[in-house]
Amino acid sequence: MVDFLAENNLCGQAILRIVSCGNAIIAELLRLSEFIPGVFRLKDKADQQKYGDIIFDFSYFKGPETCEGRLEAKPELLDLDEEFRENNIEILTRFYLAFQSVHKYIVDLNRYLDDLNEGIYIQQTLETVLLNEDGKQLLCEALYLYGVMLLVIDQKIEGEVRERMLVSYYRYSAARSSADSNLDDICKLLRSTGYSSQPGAKRPPNYPESYFSRVPISETFISMVIGRLRSDDIYNQVSAYPLPEHRSTALATQAAMLYVILYFDPSILHTQQAKMREIVDKYFPDNWVISIYMGIAVNLAEAWEPYKAAKTALNYTLDLSNVKEQASRYAAVTERVHTQVQQFLKEGCLREELVLDNIPKLLNCLRDCNVAIRWLMLHTADTACDPNNKRLRQIKDQILTDSRYNPRILFQLLLDTAQFEFILKEMFKQMLSEKQAKWENYKKEGSERMTELADVFSGVKPLTRVEKNENLQAWFREISKQIMSLNYDDSTAAGRKTVQLIQALEEVQEFHQLETNLQVCQFLADTRKFLHQMIRTINIKEEVLITMQIVGDLSYAWQLIDSFTSIMQESIRVSPSMVTKLRATFLKLASALDLPLLRINQANSPDLLSVSQYYSGELVSYVRKVLQIIPESMFTSLLKIIKLQTHDIIEVPTRLDKDKLRDYAQLGPRYEVAKLTHAISIFTEGILMMKTTLVGIIKPSELMPKLKEMAATMDGFHRSFEYIQDYVNIYGLKIWQEEVSRIINYNVEQECNNFLRTKIQDWQSIYQSTHIPIPKFTPVDESVTFIGRLCREILRITDPKITCYIDQMNTWYDTKTHQEVTNSRLFSEIQDTLGTFGLNGLDRLLCFMIVKELQNFLSMFQKNILRDRTVQDTLKALMNAVSPLRGIIANSNKVYSTAIAKTQKIWTAYLDSIMKVGQMQILRRQITNELNYSCRFDSKHLAAALENLNKATLADIEAHYQNPSLPYPKEDNTLLYEITAYLEAAGIHNPLNKIYITTKRLPYFPTVNFLFLISQFPKLQYTRNLGVVCKRPADQIDWLPLVLGLLTLLKQFHSRYTEQFLALIGQFIHSTMEQCTSQKIPEMPADVVGALMFLEDYIRYTKLPRKVVEAHVPSFIFDEFRTVL
C-alpha cells in the first residue's frame, strides 16, 4: 500500500496540508495578538470620547443606515472616520485575513470529511484513515488545532475587540460588495463569547462548548477521534518512557489533544462517568495542570468544574492525600536525580566507555529529571492557579509544602539537566558519525592480533618459550578469519558471533594452559578487549538520540520559563560563568519549535519561514531579555576597575628603591583588578557563545556566513602558497596575488561590460589569457559574474526603502523590525575574502551603476518635467513668487504647498532615483574607508607616499592656474590617470566629489531639486538619538541616501545651480521663520529643522567652509537650531 504521506497519495497530502495550515494560522494569531490597535479596546475615556462614535460592535448590523447617518450628519466625524480608516485599514485587513483563514480551515476540514465519506479518495474511508498511523495522527491533530485556534482567539483577542475590528473592516473595505464574501459566516463564528482572560473574570455558561459548536462538525468523526485518543498511543511515546510512573508524561501531548477535543462532545464531560473515569485513570492519575499548545497552561480542577462526570472522575486525583503523595514523591525524585546529574557533570566523568556501558542508566536519569521538572513547573505555576479559587489555592499550598518547592533548586536542576542532555547528545552525534570507522578499526586490530598469535605458534616467529603447535596455529588463523568475516550491516548476527568469539578466547586460555605465557595472555586479553569494544560500538543506535529528543521536550515551558528570568539574571550576576550553562537551556527551549514546524515542514509549505521566524523571534527576544543583565554587570565591573586604577593603584616609577618594591606591588588592588577583568572576559565569552547558539534561527541574509566561509578558504590557499614556496623555490605569494588579482579584475571588467556601449572582448582584455584562460560561467540572474551578484546582494539588503542607515554607527537597520541588517564589518569581510582587488572592483562597479542611474534620471527629468506643461507652469509661477531670492515671501506656506501639490506625481520616481544614487554613494564611502584603513595598516609607507604625491601634484596644478607660466602635465602625460588608479585602490579619494556624467543646462533644475527636498520634509522627523528618520516605515525614505543623492546630482552640474539651490533653501528658512514669528509660534517648525539639518549635512559631507551656507542663512538661526538639537 502507498505510504499515507507520499506525494502521490492525495488523501494523505490533503489532510497534511490542512494540519500544516492550522499550525501556521495559530502562529499568525499569536503574532497578531501583539499588534491589536489600542483604540479598539476603548479602555480610557479619551479613546471613548474621540472614537466611540466611529467604532461599532455587532449591534451595528441591526441598523447600519442609522449608524452611518449619524456619521454623515457631522462632517468632523466623517473626517475622523476617514483618518482612522487610512491609519488602520492595513492592520484590519491582516486581522480579517487571519479570521477568514480560521473559518476557511474548518470549512476545508468538513469538505475533506465529506470527500472521505463520498468515496472521492479511492480505497480510503474515515475508518481506513484512522487505522493508518499517520492518518489517525493527522485527523486527531486537525480537530485539535481547530479547537486551539478558537481558544487562542478568545484568550488573546477579546470578543468585543474582535467584533469592533470586524465591523470596522466591513465598513472600510470592499468585502461587503463582493458576492463571494463569507464575512457573515466569519462574524457568526467569531462573535463575542463573553469570555475574558482577565484574572478573576467569571466564566460564561456553556463555555467553550457552545463556541466550539458554532460550525457543525460530523459527530461520527468527533466520536471516532475521541475513541482513538482514549484507546491508542497514537504517537508511540510510551516506548520512550518504559517506567509505568512516567506514563502520564509519555501521553501528555495526547492528553492535551483529548482535553481540547472533548469540548466538541460535551456530553462525555457532563454525563458519561465511565468514559471520564477511564480518561482520568489513563491520562490524569497524577497530574491536573497541562500544557495544551506552546506553553498555554490549563488547570483541569478549574476547567472541568462545571462538568459533573469530569469533576467526579478527577476528584480522586485532586484528593489531598494523592496530592501529598505526588508532591512528596517528586521532592524525593528531585533530590535523588539532582545528585546523580551533578555527579555525571563532574569533569572527566562522561567518558565514551562509561556512556556506552551505561546507556539505560543515563537515559533513566534523564527521564526522571525531565518528568520531575515538568510536573513541578506546571503544578507550581502561578498562571495555572486562580488566586480567588479557594480549593485551587489549597491544593497549590499543599504542593509547595510537600514538595519542599524552591524555584532556585528547580532552576538549577533544569540548568544541569539541559547541560547533561546537551553533552550526551553531542557525544552520541560524534559517536554515530565515527561508528563504522571505529568498528572496522577494532575488527582489524583484533584480527591482526590473532594472525600474529598464529604466526607465533607456527614456530617461525621467535617468542620466548613458545613451542610450535599446529593445532593452535590453525585455530588462531580460523579465529582471525571469523573476526574479519563479521559484517557491520548485520548488527544482530555480528553481536551474537562476537560474544561467542569472546567465550572461545576465554576457553582457549584455560584449556591449553596458555596462562603461563604472559605475552600470549596479553594478546588474548587485547583481542577480547577489541571484541568488547565492537559490541559496545555496534550498540550505538540513533534511537538513543530520538529518545533523548522526546524526553527532553520543553515546549510546555514556552511561557512558564519567564517566571525564572529574575533567578537567571541573579545567577549571572553572581557567577558570570553561568552564561555558558544557560546556552544549553536555551537550546533545549529552542527544541519546542519542532512541535509547530513538523507538519509545516512535511507539507513543504511556504509558511515554514514565517512561522519559524515568529517562534524563533520570540525565543530571541526572551534570550535578549535574560542577557540584558550582562552589559549592566560588565559596566559595573568596568567602573570598579577604572576606580581602582585611578585612585588606588600607584604607577610604578622607572627607578625605585628595592625597599619600596613591596609598597608599589599593591597585591590586593591588583588582584582585585585581575579578578574583575576575568569576570568581564567570562561575560564576553558567554555572549560570544550565545551568538553562536542562535545562528541559524533568524537569518535575513546568508551573505555574511558565506563571506566568512569563503574568507577561511582563501586564507587556507594563501597560507598554503606561503608555506610551499620555500620548498619548491618559487615566489608562491607573488603568484597567488597576481593570479587572484587577474581573476577578480577580469570578472569586474566583464560585469562592467553591461554598462558599456563598446564592450571589451576577451581577446582585448589585458586580464584574459589564452595559455591560462579564466573560465566563464553561465549567468544565473541579471549579473554576469560573482562580483555582480555580490554587489546586487549588498544593494538588496541595504535598500533604503526597507532599511535605515545610521551614519554614526556605520550600520543599516530594518525599518520595520529595527534589527541590524549589516554594518561596516561587511566590507572588512569582503576585504578578507576578495582582498583589495575585490573591494576596488566592487567600487568600480558601483561607479558604473551610479553613472547608469544618473543617466536614467536625466531621461526621466526630460520626460516628466520638461515635457509636462502643468509642471512647467507651476515652476514658472513659483520662480515669479520667489524672486528676488534674497527677499522674504509673504504667505510662504501657501506658495510652497501649492507648488508641491501640483507637482506631487513626479516625486515618487524622483525619490527612487536619488535614493539609489545616495545608497551607492554610502557604499562607496564605506569601501573607501575600508581600503584606506587596510592600506595605512598593511602598507603605511605606500599610503604616506601616495598622500604626499597627491598633495604635491594638487599644489602644482593650483599654482599653474594662478600663474600659467608654471608647469602642468600635458595631455599625453599619463601621470594623473595612473595616480588616480593608485589613490582609488588606497582609498585616498572622496566619492562625493566625483563627476560621473557630463551634463547640459537644464531649465528650473535648482528649483525642482528644492521643491523635491521640501516635499519630503513632512515624511521625516528629527530624533535626538538617531538624527533625521522616516516617520512611518510605509513612506520608504531614508535621510542619508536622500542627502548624498542630492549632493551627487548637484555636483554633476555647474556650481551656480548649487548656489541657486542653497539660496532657495535659505529663502525658505527665512520666510517660514518670519511667518512663525508673525503668528507667534515659539517652536522652530519641523520643516525648518529639516532644511537646516540638510545644510549642516551638506557642508559636513562636501567638506566646504561654513561661510558657503551662512551666506544664505544667518549664523544666529543656526545657533537657535542647535538649541533644538
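For the structure itself, consult the block above.
Everything quoted here is computed from the prediction, not taken from an experiment.

Observations concerning the overall build of the protein
Consideration 1: A tally of helices and strands in the protein yields 47 helices and 7 strands.
Consideration 2: Based on the C-alpha atoms only, the size of the protein along its principal axes is roughly 115 × 95 × 80 Å.
Consideration 3: Taken across its 1125 residues, the protein has 49% of its residues classed as buried.
Consideration 4: Considering only residue pairs separated by 6 or more positions, the protein has 76% of its internal contacts joining residues 24 or more positions apart.
Consideration 5: Accessible surface, the protein: about 57,400 Å² in total, of which carbon and sulfur atoms supply 53%.
Consideration 6: Of note, the protein has its 127 positive side-chain charges centred 3 Å away from the centre of its 135 negative side-chain charges.

Comments concerning the environment of phenylalanine 40
Consideration 1: Along the chain, the position of phenylalanine 40 falls in the loop between α1 (10–33) and α2 (45–51).
Consideration 2: Looking at phenylalanine 40, the relative accessible area reads 0%, which means it is buried.
Consideration 3: Once the C-alpha coordinates of phenylalanine 40 and threonine 66 are considered, the two residues, 26 residues apart in sequence, prove to be 21 Å apart.
Consideration 4: Excluding residues within four positions of it along the chain, phenylalanine 40 makes contact with Ile55, Phe84, Leu92, Val161, Arg164, Met165 and Ser168.

Things to note about the packing of helix α35 (residues 786–797) against helix α36 (residues 825–866)
Consideration 1: The N-to-C vectors of α35 and α36 enclose an angle of 90°; their axes lie 10 Å apart at closest approach. On the basis of their axis angle, the class for α35 and α36 is roughly perpendicular. Where α35 approaches α36, its residues Phe786, Ile787, Gly788, Leu790, Cys791, Arg792, Ile794 and Leu795 are matched on the opposing element by Leu826, Ile830, Leu834, Gly838, Leu842, Leu845, Leu846 and Met849.
Consideration 2: Of the residues assigned to the contact of α35 with α36, the class counts are 13 nonpolar, 2 polar and 1 charged.

Description of the side chain of glutamine 254
Consideration 1: With respect to the secondary-structure elements, glutamine 254 resides in helix α12 (residues 252–261).
Consideration 2: Looking at glutamine 254, its side chain comes within polar contact range of the main-chain oxygen of leucine 229, at 3.1 Å.
Consideration 3: The residues contacting glutamine 254, other than those within four sequence positions of it, are Arg228, Leu229, Asp232, Asp233, Ile234, Tyr235 and Tyr283.

Some details on the nonpolar core
Consideration 1: Counting residues in each nonpolar core, the largest one holds 198 residues, and the members touching the most others are Tyr112, Tyr146, Tyr259, Met276, Phe284, Trp304 and Tyr615.
Consideration 2: The greatest single-element share of this core, amounting to 15 residues, is contributed by helix α4 (residues 75–118).
Consideration 3: Apart from residues lying up to four places away in sequence, methionine 276 is in contact with Leu262, Ile268, Leu269, Trp304, Ala309, Ala310 and Ala313.
Consideration 4: Core analysis: the next-biggest nonpolar cluster, separate from the first, contains 104 residues, Ile1014, Trp1039, Leu1042 and Leu1092 among them.

Some points on helix α44 (residues 1055–1078)
Consideration 1: Compared with an ideal rise of 1.5 Å per residue, which puts 24 residues at 34 Å, α44 spans 35 Å between its outermost C-alpha atoms and is within 8% of the ideal.
Consideration 2: Positive phi appears at lysine 1080, one or two residues downstream of α44, with a value of about 55°.

A look at the packing of aromatic side chains
Consideration 1: In this structure the tally under the stated criterion is 48 aromatic pairs.
Consideration 2: With a centroid separation of 6.3 Å and 25° between ring planes, the pair formed by phenylalanine 411 and phenylalanine 564 is classed as stacked. With phenylalanine 411 in helix α21 (residues 407–457) and phenylalanine 564 in the loop between α25 (542–551) and α26 (565–574), this residue pair connects regions lying 153 residues apart in the sequence. The same class applies to phenylalanine 411 and to phenylalanine 564, which are both buried.
Consideration 3: Centre to centre, the rings of tryptophan 907 and phenylalanine 1012 are 5.9 Å apart; their planes meet at 50°, and the pair counts as tilted. Taken together, the residues tryptophan 907 in helix α39 (residues 907–938) and phenylalanine 1012 in helix α42 (residues 1005–1016) connect sequence positions 105 residues apart.
Consideration 4: For tryptophan 907, a relative accessible area of 3% puts it in the buried group.
Consideration 5: Overall, phenylalanine 1012 belongs to the buried group, its relative accessible area being 0%.
Consideration 6: Cluster of aromatic residues (ring-pair linked, three or more members): Tyr146, Tyr195, Tyr207, Tyr211, Phe212, Tyr259, Tyr263, Phe264, Tyr283, Phe284, Trp304 and Tyr307.
Consideration 7: When the ring centre of tyrosine 330 is taken as reference, the NZ or CZ atom of arginine 329 above it lies at 4.6 Å.

Looking at the pairing of strand β4 (residues 811–814)
Sheet faces and side chains relate simply in a regular strand, where the side chains alternate between the two faces.
Consideration 1: Strand direction decides the pairing type here: strand β3 (residues 803–806) and β4, joined by 4 bridges, are antiparallel. Counted as the bridge partner of cysteine 804 is tyrosine 813 from β4.
Consideration 2: Counted between consecutive antiparallel strands, the loop separating β3 from β4 contains 4 residues, among which asparagine 810 sits at a positive phi close to 50°.
Consideration 3: Pairing analysis gives 3 bridges linking β4 to strand β5 (residues 820–823), with the strands arranged antiparallel. Bridging across to β5, tryptophan 812 finds its partner in threonine 822.
Consideration 4: Hairpin geometry of β4 and β5 is characterised by an intervening segment of 5 residues between the two adjacent antiparallel strands and by a positive phi of about 60° at histidine 818.

Overview of the environment of tyrosine 112
Consideration 1: As for its placement among the helices and strands, tyrosine 112 is situated in helix α4.
Consideration 2: By relative accessible area, which is 2% here, tyrosine 112 ends up buried.
Consideration 3: Once the C-alpha coordinates of tyrosine 112 and isoleucine 18 are considered, the two residues, 94 residues apart in sequence, prove to be 9.2 Å apart.
Consideration 4: In terms of polar contacts, tyrosine 112 uses its side chain to reach the backbone carbonyl oxygen of cysteine 11, at 3.1 Å.

Observations concerning helix α37 (residues 869–882)
Consideration 1: End to end, α37 covers 20 Å across 14 residues, agreeing with the expected 20 Å (1.5 Å per residue, within 8%).
Consideration 2: Listed in full, the buried residues belonging to α37 are Val871, Gln872, Thr874, Leu875, Leu878, Met879 and Val882. All buried residues of α37 lie within an arc of 165° about the axis, which places them on one face of the element. Relative to its buried face, α37 has exposed residues pointing more than 90 degrees away, namely Arg869, Lys876 and Asn880.
Consideration 3: Taken together, the buried residues of α37 touch α36, α38 (892–902), α42 and α44.
Consideration 4: Sitting at the head of α37, aspartate 868 places a side-chain oxygen 3.0 Å from the backbone nitrogen of threonine 870.

Here's the deal with a negative patch on the surface
Consideration 1: A cluster of like negative charges, contributed by Glu76, Asp79, Glu83 and Glu86, occupies part of the molecular surface.
Consideration 2: The topology assignment puts glutamate 83 in helix α4.
Consideration 3: The exposure class of glutamate 83 is partly exposed, given its relative accessible area of 41%.

A few points about the packing of helix α27 (residues 578–590) against helix α29 (residues 607–627)
Consideration 1: Relative to each other, α27 and α29 sit at 160°, their axes nearing to 11 Å. The angle between α27 and α29 falls in the class roughly antiparallel. For the crossing formed where α27 meets α29, the hand is right-handed. Contacts between α27 and α29 involve Leu582, Phe586, Leu589 and Ala590 from the first element and Leu619, Tyr622, Val623 and Val626 from the second.
Consideration 2: For the contact of α27 with α29, the class distribution of residues is 8 nonpolar, no polar and no charged.

About the thresholds
Residues numbered from 1 in each chain as written. Predicted model: local features only at pLDDT ≥ 70, side-chain atom pairs only at ≥ 80, totals over all residues. Heavy atoms only, no water. Helix = DSSP H or I, 4+ residues; strand = E, 2+ residues; numbered from the N terminus. Buried < 20%, exposed > 50% of the residue type's maximum accessible area, 1.4 Å probe, protein only. Contact = heavy atoms within 4.5 Å. Areas by Shrake-Rupley, 256 points an atom, 1.4 Å probe, with all protein chains shown as cover. Lys, Arg positive; Asp, Glu negative; His and termini not counted. Charge placed at Lys NZ, Arg CZ, Asp CG, Glu CD. Axes fitted to C-alpha atoms, helices over the stretch in contact; angles between N-to-C directions. Parallel < 35°, antiparallel > 145°, perpendicular 65-115°, else oblique. Nonpolar A, V, L, I, M, F, W, Y, C, P; charged D, E, K, R; others polar. Polar contact = N/O pair within 3.5 Å; in protein donor to acceptor, adjacent residues only side chain to side chain. Core = buried A, V, L, I, M, F, W, Y, C linked by side-chain atoms within 4.5 Å. Expected span 1.5 Å × (residues − 1). Phe/Tyr/Trp six-rings, centres within 6.5 Å; stacked < 30°, edge-to-face > 60°. Lys NZ or Arg CZ within 6 Å of the ring centre and 35° of its normal. Pairing = 2+ DSSP bridges. Arc of directions from axis to C-beta. Patch = residues over 30% accessible without salt bridge, like charges linked within 9 Å, V, L, I, M, F, W, Y side chains within 5 Å. Salt bridge = Lys/Arg side-chain N within 4 Å of Asp/Glu carboxyl O. Left-handed = near helix turned anticlockwise from the far one by under 90°.

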